[in-house]
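A closer look at the structure
Here is what each chain is made of, one letter per residue.
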Amino acid sequence: MPIKARNTSSQRVNQIAPSGIRKFFDLLASMEGVISLGVGEPDFATPWHIREAAIYSLEKGQTMYTSNSGMPELRRELSRYLKDSYNLSYDPDTELLITVGVSEALDLTMRAILDPGDEVIMPDPHYVSYDACVILAGGSPIMVPTREESNFELSASDIKGRVSGKTKAILIGYPSNPTGAVMSKEKLARIAEIARRHKLLVISDEIYARLVYGVKHTCFATLPEMKESTILLGGFSKAYAMTGWRIGYAAASKEIIGAMTKIHQYTIMCAPTMAQVAAIEALKSGEPSVLEMVEDYNRRRLVMVKGLKDIGLPCFEPKGAFYAFPSIKGSGMTSEEFAEKLLREEKVAVVPGTAFGQCGEGYVRCCYATSLAEIEEALSRMGRFVKKHKK
Ligand SMILES: Cc1ncc(COP(=O)(O)O)c(C=O)c1O
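Residues numbered from 1 in each chain as written. Predicted model: local features only at pLDDT ≥ 70, side-chain atom pairs only at ≥ 80, totals over all residues. Heavy atoms only, no water.

**Description of the pattern of salt bridges**
Taken as a whole and judged by the stated rule, the model has 18 salt bridges. Note that E95 is salt-bridged to K227, the shortest N-O span being 3.9 Å. Placement of the pair is E95 in the loop between α5 (72–86) and β2 (96–99) and K227 in the loop between β6 (201–205) and β7 (230–235), with a sequence separation of 132 residues. If you follow the salt bridges from partner to partner, you end up with D43, D296, R299 and R300 in one network. (Salt bridge = Lys/Arg side-chain N within 4 Å of Asp/Glu carboxyl O. Helix = DSSP H or I, 4+ residues; strand = E, 2+ residues; numbered from the N terminus.)

**As for the side chain of S176**
The residue S176 is located in the loop between β5 (167–172) and α9 (185–198) in this model. Residue classification places S176 among the buried residues on the basis of a relative accessible area of 5%. Excluding its chain neighbours within four sequence positions, the residues that come into contact with S176 are A181, A321 and Y323. (Buried < 20%, exposed > 50% of the residue type's maximum accessible area, 1.4 Å probe, protein only. Contact = heavy atoms within 4.5 Å.)

**With respect to the environment of A137**
Mapped onto the elements, A137 comes out in the loop between α7 (129–136) and β4 (140–145). Residues A137 and G117, 20 residues apart in the sequence, show an inter-C-alpha distance of 9.6 Å.

**Some remarks on the packing of aromatic side chains**
A ring pair, where both rings are aromatic, is described by two values, the distance of the centres and the angle of the planes. Enumeration over the complete set of coordinates arrives at 13 aromatic pairs. Between F152 and F325, the aromatic rings sit 5.6 Å apart at their centres with planes inclined by 75 degrees, giving edge-to-face as the arrangement. Placement of the pair is F152 in the loop between β4 and α8 (156–160) and F325 in the loop between β9 (323–324) and α13 (335–346), with a sequence separation of 173 residues. Using a relative accessible area of 1% as the deciding quantity, one classes F152 as buried. What makes F325 buried here is its relative accessible area of 0%. When the ring centre of Y90 is taken as reference, the NZ or CZ atom of K227 above it lies at 4.6 Å. (Phe/Tyr/Trp six-rings, centres within 6.5 Å; stacked < 30°, edge-to-face > 60°. Lys NZ or Arg CZ within 6 Å of the ring centre and 35° of its normal.)

**What about the sheet that holds β9?**
Within the open sheet, the three strands sit side by side as β9-β12-β11. Their pairing is antiparallel. This sheet does not close on itself; its edge strands, each paired only once, are β9 and β11 (351–352). Examined bridge by bridge, β9 and strand β12 (residues 364–367) share two bridges and lie antiparallel to one another. Among the inter-strand pairings, Y323 is bridged to a residue of β12, identified as C367. (Pairing = 2+ DSSP bridges.)

**Remarks on the site of the ligand**
Surrounding the ligand, one finds G101, V102, S103, Y127, Y130, N177, D205, I207, Y208, S237, K238 and R246. Between V102 and the ligand, the recorded distance is 2.7 Å, taken from a backbone N or O atom to an oxygen atom. Measuring from an oxygen atom of the ligand, one finds a side-chain N or O atom of S103 at 2.5 Å. Protein contacts shield 93% of the accessible area of the ligand, which totals 400 Å² for the unbound molecule. With three residues, the single largest contributor to the shell around the ligand is helix α6 (residues 101–113). Looking at the shell around the ligand, its residues break down into five nonpolar, four polar and three charged. (Near = heavy atom within 4 Å. Polar contact = N/O pair within 3.5 Å; in protein donor to acceptor, adjacent residues only side chain to side chain. Areas by Shrake-Rupley, 256 points an atom, 1.4 Å probe, with all protein chains shown as cover. Nonpolar A, V, L, I, M, F, W, Y, C, P; charged D, E, K, R; others polar.)

**Points about the sheet that holds β5**
Across a sheet, strands are paired by hydrogen bonds formed along the backbone, either parallel or antiparallel in direction. In space, the seven strands of this open sheet follow the order β2-β8-β7-β6-β5-β3-β4, with mixed pairing throughout. In this open sheet, the two strands that pair with only one neighbour each are β2 and β4. Each neighbouring strand pair of the sheet contributes to a mean axis angle of 20 degrees, computed without reference to strand direction. The sheet contact formed by β6 and β7 spans four bridges and is parallel. (Axes fitted to C-alpha atoms, helices over the stretch in contact; angles between N-to-C directions.)

**So, helix α11 (residues 273–285)**
Under the 1.5 Å per step criterion, the end-to-end length of α11 is 19 Å for 13 residues, consistent within 8% with the ideal 18 Å. The element α11 is extensively covered by neighbouring structure, given that 10 of its 13 residues are classed as buried. Burial in α11 covers these residues: T273, A275, Q276, V277, A278, A279, I280, E281, A282 and L283. Where α11 is buried, its residues meet α4 (48–59), α5, β2 and α12 (287–310). (Expected span 1.5 Å × (residues − 1).)

**Side note on the pairing of β4**
Regular strands have side chains that alternate between both faces of the sheet. Of the pairings in the sheet, the one linking strand β3 (residues 119–124) to β4 comprises six bridges and is parallel in character. If you follow E119 over to β4, its bridge partner there is S140. Between the parallel elements β3 and β4, the chain passes through α7 in a crossover that is right-handed. (Right-handed = clockwise from strand over helix to strand, strands pointing away.)

Here it is, written out as structure tokens:
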């Protein structure tokens, strides 16, 4: 007998919608000649020496499981990297966990820290999996609007007004996907103050930490007394152009990493071995490639932002990640209408801002991790589109 439809999926799953990005890209997949400013991933292949290290490990037959927490050598290299970059000391044996991307680290974090009904405060707009991971772990996401007028920064006073007896954590992600905003050290320090006062955890997704332009990234855990209560998430996908390798990490107190590792060992066992080998090589010798790619993204960023402004789409200046988040309010269309019409009429794919939360209405996300020639062609098509639909 067939199972009744209402019984097949849990209430938690029913509460979340499929990612607004994926839904849109199903449509794109059926079309030809599309320029995609859509998916947020580097257009570079992983630097050759990193690929070669993984290939060699396979040739040597290094194909077994690793320790649940990740290869000791990788954790040692990561510990060194965090010390060199931020002067933070994480014990590689107890305070670091190698995960299947920041994606897994986000999921593990929520499941490790949340009890049913616990609240997690986060910015709106935000990366698509933040609220989903909280809901799937039985918690409630609490949105704090961020606005173009305040550079899409998260305001401490807005957070303060949303702290309740149920608040467990604040989730921040800077540089931001989708806005490209970075947070100044001063503004982050005010958030740290709230976390201290209310004894809240801070989950800091710093996957774009290396992709900043003309500004310095502040690692949240470096703020006074914040290391113990911060769960720092980072990864290799963006800085080293390694999205397909699926490798990331969490750095936090022994207690939190221990809790996350319990879930990780039963559900994942360990991150892929060859990807861990590649990550070791990335940390040891990847720096020149990172710097080269950042320089290239910066060139494209400048062309994209100026180009958007020139065609009549006002654009906040993104200082990090590889996204521009222009306002399309002047078109009179919703973000979704704009993105869908642009795709059908001009074959340019952008992501509606609403895929990232209600405050994304009136904006679209344009990823500039694509060639300059494609960016220029996309801008020319978008210019034609904006002109045609001018109110
Ligand atoms: C802000 C942010 N966090 C986390 C992720 C997940 O990255 P990964 O699982 O590839 O490490 C992404 C990917 O786009 C992202 O933009």
